[in-house]
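One-letter residues, chain by chain:
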Amino acid sequence: SQTIHQWPATLVQPVGSPLSLECTVEGTSNPNLYWYRQAAGRGLQLLFYSVGIGQISSEVPQNLSASRPQDRQFILSSKKLLLSDSGFYLCAWSKGQSWEQYFGPGTRLTVT
Amino acid sequence: AQSVTQLGSHVSVSEGALVLLRCNYSSSVPPYLFWYVQYPNQGLQLLLKYTSAATLVKGINGFEAEFKKSETSFHLTKPSAHMSDAAEYFCAVSAPGNKLVFGAGTILRVKS
């Protein structure tokens, strides 16, 4: 069976510090991978989407970047965090042409 | 462009009462539709999906939803609410590129 992992689970970082969040998927190959941000009361905002290694699509201009160094690894990064980067970050995967997405447990980021 | 509107950011029901969470969608092509549930500080879990087969879809935990093309709706129902149903519920519609567009979410409160 497939599983998706995210770490860390929680993170408190000062403004201006760098960020690296990691997502890995097990039990499948060549998944589509997604990063979402969930702000309180505002639903899910798609940040990045990847169909393969090194292939990243950015959905909104922002202070964040994403990379996919391996088939089942998806990394969300920032060089300098802003207060507005606080939120709950979710990674998800889907397979092939399917729209059905499976979500990881999330990372709670607080920028102070 | 695809969009989802969830009517009511908060819904409160008594234990044992009917649960009705409303979702209306907009799509220029025949949609696939999804309902997800999120418990506090967790990722999203797929409840059910409509993929152009039967219009009445049954999901996990006793939930079901009916696709009504004429009303562009995909409302989620459960005959009898349990305390464990208290969570946030998201409706989503398929979008080009194997993406999902999510509604803003509805928080369900179950009163004892």
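Presented here is an overview of the structure given in this document.

Definitions and limits used
- Residues numbered from 1 in each chain as written.
- Chains lettered and ligands numbered in written order.
- Predicted model: local features only at pLDDT ≥ 70, side-chain atom pairs only at ≥ 80, totals over all residues.
- Heavy atoms only, no water.
- Helix = DSSP H or I, 4+ residues; strand = E, 2+ residues; numbered from the N terminus.
- Buried < 20%, exposed > 50% of the residue type's maximum accessible area, 1.4 Å probe, protein only.
- Contact = heavy atoms within 4.5 Å.
- Areas by Shrake-Rupley, 256 points an atom, 1.4 Å probe, with all protein chains shown as cover.
- Lys, Arg positive; Asp, Glu negative; His and termini not counted.
- Charge placed at Lys NZ, Arg CZ, Asp CG, Glu CD.
- Pairing = 2+ DSSP bridges.
- Axes fitted to C-alpha atoms, helices over the stretch in contact; angles between N-to-C directions.
- Phe/Tyr/Trp six-rings, centres within 6.5 Å; stacked < 30°, edge-to-face > 60°.

On to the overall build of chain A, then. Within chain A one finds zero helices and eleven strands. Listing each helix as α and each strand as β along chain A from the N terminus yields β-β-β-β-β-β-β-β-β-β-β. Projected onto the principal axes, the alpha-carbon positions of chain A cover approximately 40 × 25 × 20 Å. Evaluated residue by residue, chain A yields a buried proportion of 46% over its 112 residues. Long-range contacts, defined as pairs at least 24 residues apart, comprise 55% of the intrachain contacts of chain A with a sequence gap of at least 6. Here chain A displays about 5200 Å² of accessible surface, and carbon together with sulfur accounts for 54% of that area. Each charge class in chain A was averaged separately, 8 positive and 6 negative side chains, and the resulting centres sit 8 Å apart.

Residues and elements named next belong to chain A. Here we have four strands laid out as an open sheet, ordered β1-β3-β8-β7, and antiparallel in their pairing. The open sheet terminates on both sides in strands that have one partner only, identified here as β1 (3-7) and β7 (65-70). The average undirected angle you get between the axes of adjacent strands in this sheet is 20 degrees. Pairing geometry for β1 and strand β3 (residues 19-26), over five bridges, is antiparallel. When the bridges of β3 are listed, Gln6 appears paired with Cys23.

A cis geometry characterises the amide bond from Trp7(A) onward to Pro8(A), with omega recorded as 0 degrees. Mapping Pro8(A) onto the fold places it in the loop between β1 and β2 (10-13). If you check the backbone angles, Asn61(B) has positive phi at about 60 degrees while not being a glycine. In this fold, Asn61(B) is placed in the loop between β6 (56-58) and β7 (64-68). The phi dihedral of Asn98(B) falls on the positive side, at around 55 degrees, and the residue is not glycine. Mapped onto the secondary structure, Asn98(B) falls in the loop between β9 (87-95) and β10 (99-102). Judged by its relative accessible area of 8%, Asn98(B) falls in the buried class.

Let's shift gears to the packing of aromatic side chains. Given two aromatic rings, their pairing is described by the distance between the two centres and the angle made by the two planes. Evaluation of the coordinates by the stated rule reveals 15 aromatic pairs over all chains. An aromatic cluster is defined as three or more aromatic residues linked by ring pairs; in this entry it consists of Tyr34(A), Tyr36(A), Tyr49(A), Phe103(A), Phe34(B), Tyr36(B) and Phe102(B).

Now for the sheet that holds strand β1 (residues 3-7) of chain B. Residues and elements named next belong to chain B. Across the sheet, five strands lie side by side as β1-β3-β8-β7-β6; this open sheet has antiparallel pairing. The strands lining the two open edges of the sheet, one partner per strand, are β1 and β6. Pairwise comparison of adjacent strand axes, ignoring direction, gives a mean angle of 20 degrees for this sheet. Across five bridges, the pairing between β1 and strand β3 (residues 19-26) is antiparallel.

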